[in-house]
Amino acid sequence: MKGLHRPALCEGSTSNGRNLLDKAKPFTISKREVWESYKRVKSNRGAAGVDRQSIDEFDSDLKDNLYKLWNRMSSGSYFPMPVFRVDIPKTDGRLRPLGIPTVTDRIAQMVVKRRLEPALEKCFHSDSYGYRPSKSAIDAVGVARKRCWENDWVLDLDIKGFFDNIDHDLLMRALHKHTDCRWILLYTERWLKAPVKLPDGRLKEREKGTPQGAVISPLLANLFLHYAFDLWMQRRFPSVLFERYADDIICHCKSQSQAEWLLVEISKRMAECKLELNQGKTKIVYCKDDRRKGKYPNVKFDFLGYTFQPRSVKGPKGNLFLGFTPAVSNKAAKAMRDVMRSWKIHLHSDKSLEDLSRMYNPIIRGWVNYYSRYQRSELHEAFNPLNLMMAKWAMRKFKRLKGHQRRAGRWLLAIRKREPHLFAHWQMVRRPMAGR
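Residues numbered from 1 in each chain as written. Predicted model: local features only at pLDDT ≥ 70, side-chain atom pairs only at ≥ 80, totals over all residues. Heavy atoms only, no water.

**Focus on the overall build of the chain**
Counting secondary structure elements, the chain contains 16 helices and 11 strands. Projected onto the principal axes, the alpha-carbon positions of the chain cover approximately 75 × 65 × 40 Å. Positive and negative side-chain charges of the chain, numbering 83 and 47 respectively, have mean locations separated by a distance of 7 Å. (Helix = DSSP H or I, 4+ residues; strand = E, 2+ residues; numbered from the N terminus. Lys, Arg positive; Asp, Glu negative; His and termini not counted. Charge placed at Lys NZ, Arg CZ, Asp CG, Glu CD.)

Next comes the structure, spelled out in structure tokens:
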């Protein structure tokens, strides 16, 4: 790879002047740490920040860029650049602000994350699942499913603008409990205070919050809620089970009155931590199934791309019963369909079916692996537009299929039977191919 001089970075410079300088650094940060952090950032790719420097451009002078960063971090002269804000449309029509640090700042944050994460992991609550090396979203969904069988009620919490409203002083107090490393504390505080560059070019000073999109933000957010919620729940309500994925939280309650009381107490706790619950999205849900005969207005909730609600479920002996169980949510299915439509597969008549598989199957496989874990039959309809686009692709690709959607569907079905592993959704969709 052009510009990649690993030995010089990891083992020290060949310059005598630099060697003398290296020995006088006030902060002990090894060059290998910077190198390993760079590799992690490079593998994640990501957009350019305010300096418009991409990963590839950073690589063009890799040796000097990494040395300069190590030198500045080791000497205390490292200051982050403003965070570039990009507004991403949400499904409800509103915008979600994402903060994009520069490549250099992402590497620096990764250095701190790699130092901090092992120590924090030992302290984090077992029911905190978000952005942790040994846990996943599907783990949280599975635990929630089991606990909904065991508890009649769920309190579905939504924290209003969580990442944008994290209090800096409270966060730094939490961080001080886990490290006295001066440079970690120094640079974390600088990242929190780094201004945001808005889409119109204006700079906005930041007095609270940590930008979504920053490498260090998920770890800091978990640390904040570890004290604001996890330990508080463990201390105040030890019998109430919960699952938390970043700021997405559900609590399991034995009764409606317990859920109502818990909601009041959690609202007070959020206010103490300078946060606020979104009253429009926070709700109390009855886990309705065959055993539970009560009638209540809220009998479903969304959690990590799954909708939990009463469904007809087949038992181990083939009998059907009403169970409270998760399946892919309408919002997640719509998001998948939107992505599929953006591919415009039917216009790629210059590609072979194998080409399309190489281009899109990794994404399809990720969806299938995650959303087919529970009630996979509910996932079928999400792939109908993809099947239709593939049939239209075949009609444009082959003259004999032009204008014959049924024939194109049968042609694809024959290929699916012969090569079921070509596309991940072919292995789980039971319905006929589009046009058949």
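Once you've had a look at it, read on.
**Quick notes on the sheet that holds strand E1 (residues 83–89)**
The 4 strands are arranged E2-E1-E4-E5 in an open sheet whose pairing can be described as mixed. Unpaired on one side and paired on the other, strand E2 (95–100) and strand E5 (203–204) mark the two borders of the sheet. The sheet contact formed by E1 and E2 spans 6 bridges and is antiparallel. Its bridge partner lying in E2, valine 86 is registered against leucine 98. (Pairing = 2+ DSSP bridges.)

**Some words on the pattern of salt bridges**
One pass over the structure, following the stated rule, counts 23 salt bridges. Residues arginine 292 and aspartate 152 are paired through a salt bridge, measuring 2.7 Å at the closest nitrogen-oxygen approach. A residue pair is termed long-range when its members are at least 10 positions apart, and arginine 292 in the loop between strand E8 (283–286) and strand E9 (301–303) and aspartate 152 in the loop between helix H7 (137–150) and strand E3 (153–158) qualify at 140 residues. Of the residues examined, aspartate 152 reaches a relative accessible area of 27% and is grouped as partly exposed. The residue arginine 269 makes a salt bridge to glutamate 272 at a minimum N-O spacing of 3.2 Å. Residue arginine 269 and its partner glutamate 272 are both found in helix H12 (residues 256–272); the two are separated by 3 residues, about one turn of the helix. Its relative accessible area of 15% is what places arginine 269 among the buried residues. Shared partners join several salt bridges into a network, and the residues in it are Asp152, Asp289, Arg291 and Arg292. (Salt bridge = Lys/Arg side-chain N within 4 Å of Asp/Glu carboxyl O. Buried < 20%, exposed > 50% of the residue type's maximum accessible area, 1.4 Å probe, protein only.)

**Considerations on the packing of aromatic side chains**
Under the criterion given, the structure shown has 27 aromatic pairs. Centre to centre, the rings of tryptophan 343 and tryptophan 367 are 5.9 Å apart; their planes meet at 15 degrees, and the pair counts as stacked. Highlighted residues: tryptophan 343 in helix H13 (residues 330–343) and tryptophan 367 in helix H14 (residues 353–371), separated in sequence by 24 residues. The exposure class assigned to tryptophan 367 is buried, which follows from its relative accessible area of 14%. One aromatic cluster is present, formed by Phe27, Tyr78, Tyr187 and Trp191 through successive ring pairs. Above the ring of tryptophan 70, the side-chain terminus of lysine 31 is found at 4.7 Å from the ring centroid. We note arginine 52 situated over the ring of phenylalanine 84; from NZ or CZ to the ring centre the distance is 4.7 Å. (Phe/Tyr/Trp six-rings, centres within 6.5 Å; stacked < 30°, edge-to-face > 60°. Lys NZ or Arg CZ within 6 Å of the ring centre and 35° of its normal.)

**Concerning the sheet that holds strand E11 (residues 320–328)**
Pairing is antiparallel in the open sheet, where 3 strands are placed in the order E9-E10-E11. With one partner strand each, in any of the chains shown, E9 and E11 form the two edges of the open sheet. Taking the axes of each pair of neighbouring strands and ignoring which way they run, one obtains an average angle of 50 degrees across the sheet. When strand E10 (residues 306–314) meets E11, the two strands line up antiparallel, connected through 9 bridges. Among the inter-strand pairings, threonine 307 is bridged to a residue of E11, identified as alanine 327. (Axes fitted to C-alpha atoms, helices over the stretch in contact; angles between N-to-C directions.)

**Description of the side chain of threonine 325**
Along the chain, threonine 325 falls in strand E11. Sequence-distant contacts of threonine 325, defined by excluding residues within four places in its chain, comprise Arg145, Thr307, Phe308, Gln309, Arg311, Val313 and Gln375. (Contact = heavy atoms within 4.5 Å.)

**Describing the environment of valine 83**
Mapping valine 83 onto the fold places it in strand E1. Taking the relative accessible area as the measure of exposure, valine 83 reaches 6% and is therefore buried. The spatial distance from the C-alpha of valine 83 to the C-alpha of arginine 182 is 23 Å, given a sequence separation of 99 residues. Leaving out residues up to four positions away in the same chain, valine 83 has contacts with Val50, Gly99, Ile100, Pro101, Pro195, Val196, Lys197, Arg206 and Pro211.

**Digging into the environment of tryptophan 70**
Structurally, tryptophan 70 is set in helix H5 (residues 62–75). Accessibility expressed as a relative area gives 4% for tryptophan 70, which makes it buried. Sequence separation of tryptophan 70 and asparagine 369 is 299 residues, and the distance between their C-alpha atoms is 40 Å.

**A short note on the pairing of E1**
With 2 bridges connecting them, E1 and strand E4 (residues 196–197) associate as parallel partners. Residue pairing in the sheet places valine 83 in a bridge with valine 196 of E4.

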